[in-house]
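Working through the structure, step by step
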Amino acid sequence: GVLLLLPERRLVHLGDALIVATDGGGAVVVDAGTEPGPVDRCLRKLRIRTVSMLVVSHLHADHTGGVTGVLRGRDVGAVVVGPGAAARDGGAELGHLLAQHAVPMREADPGEVLVSGATTIRVVAPAGPGYASENDLSLVLVADTPVGRILLPGDAEEAALDALVRAGVDVRADVLKVPHHGSRTTPARFFAAVRPRVAVISAGRDNTFGHPHPQTVDVLRSLGARVLSTDRHGDVAVVRAGSGALAVVSDRRDTIEP
């Protein structure tokens, strides 16, 4: 199993796109980035022609703009969105696009389990439509993979993340895709609850948002996490080394053993 975070470093704001390779040369894709080119190129590089599911965490353009790059020349089983997404801004447009490609879109509720080969993904949030922001309506996923447990929180911010922990959800993970591009909207107490060995941040090089925030990086490092951000490291892959240890490989062609 491989977790590959897919940036395009030349873009000021690249959004999020992530691939979990599954059995038989297929993949689960979580979000698609801002533009179709980067995710398409990475899927081609991995020789992935079958995507069992594309999960769209929420409907902001930096997560949905690259959807056509996933669909291009591939067999995509379904696109999974959060509760009520089809009725929110951007939902109808996404549904229309998918209909043109004959790809079904369906909503997933908390508690649902999505399975692709040896990868099992549990939907743990959002619990309902009671949030004001699209970010806090992000699907939050816990993926059990051959690499280990991966927590994928979309762009969820403080209110939604605190509610998740208060609800007693076990958010501990080997690998964390850091929420909201490493901004300051994630409280330190959430990172302490996750205690990841590896934290990966998706942020464009020289982006105008100041992502990732140095305070966020410092907190993660203080908890013992190995922190990699795409603005500095380029594409980042988390793999199981031959020894069975968790290893991180980046565009800089170095391997880091956490």
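Residues numbered from 1 in each chain as written. Predicted model: local features only at pLDDT ≥ 70, side-chain atom pairs only at ≥ 80, totals over all residues. Heavy atoms only, no water.

**So, the overall build of the protein chain**
Within the protein chain, the regular secondary structure consists of eight helices and 17 strands. The burial tally for the protein chain puts 55% of its 258 residues in the buried class. Long-range pairs, those at least 24 residues apart, make up 58% of the contacts in the protein chain with a sequence separation of at least 6. Carbon and sulfur atoms form 50% of the exposed surface of the protein chain, whose accessible area is close to 10600 Å². (Helix = DSSP H or I, 4+ residues; strand = E, 2+ residues; numbered from the N terminus. Buried < 20%, exposed > 50% of the residue type's maximum accessible area, 1.4 Å probe, protein only. Contact = heavy atoms within 4.5 Å. Areas by Shrake-Rupley, 256 points an atom, 1.4 Å probe, with all protein chains shown as cover.)

**Focus: the pairing of strand β16 (residues 246-250)**
Among the five residues that make up β16, four are buried, leaving the element largely enclosed by the rest of the structure. Two strands pair when backbone bridges link them, and strand β15 (residues 236-240) and β16 are joined in this way by five bridges, in the antiparallel orientation. When the sheet's bridge partners are listed, Val236 is paired in β16 with Ser250. What sits between β15 and β16 in their antiparallel hairpin is a turn of five residues, with Gly244 showing a positive phi close to 95 degrees. (Pairing = 2+ DSSP bridges.)

**As for the sheet that holds strand β9 (residues 119-125)**
Across the sheet, seven strands lie side by side as β8-β9-β10-β11-β12-β13-β14; this open sheet has mixed pairing. Lying at the two open borders of the sheet, with one neighbouring strand each, are β8 (113-116) and β14 (226-229). The average undirected angle you get between the axes of adjacent strands in this sheet is 20 degrees. Both strand β11 (residues 148-152) and strand β12 (residues 175-177) contribute to a ladder of two bridges, which runs parallel. Looking at the pairing, Ile150 lines up with Val175 of β12. (Axes fitted to C-alpha atoms, helices over the stretch in contact; angles between N-to-C directions.)

**With respect to empty space enclosed by the protein**
Empty space among the atoms becomes apparent when a probe as large as a water molecule is rolled across them. Tallied over the full model, the rule gives four cavities of 30 Å³ or more. In this structure, the largest cavity spans a volume of roughly 60 Å³. Around the largest cavity, the lining residues are Asp16, Ala17, Leu18, Val30, Asp31, Leu152, Gly154 and Lys177. Looking at the lining of the largest cavity, the elements that each hand over two or more residues are β2 (17-21) and β3 (27-32). For the lining of the largest cavity, the per-class residue count stands at four nonpolar, one polar and three charged. (1 Å grid on protein atoms, 1.4 Å probe; cavity = no way out; pocket = protein on both sides within 12 Å on 5 of 7 lines; lining within 4 Å. Points joined across faces, edges and corners; volume = space filled by probe spheres on them. Nonpolar A, V, L, I, M, F, W, Y, C, P; charged D, E, K, R; others polar.)

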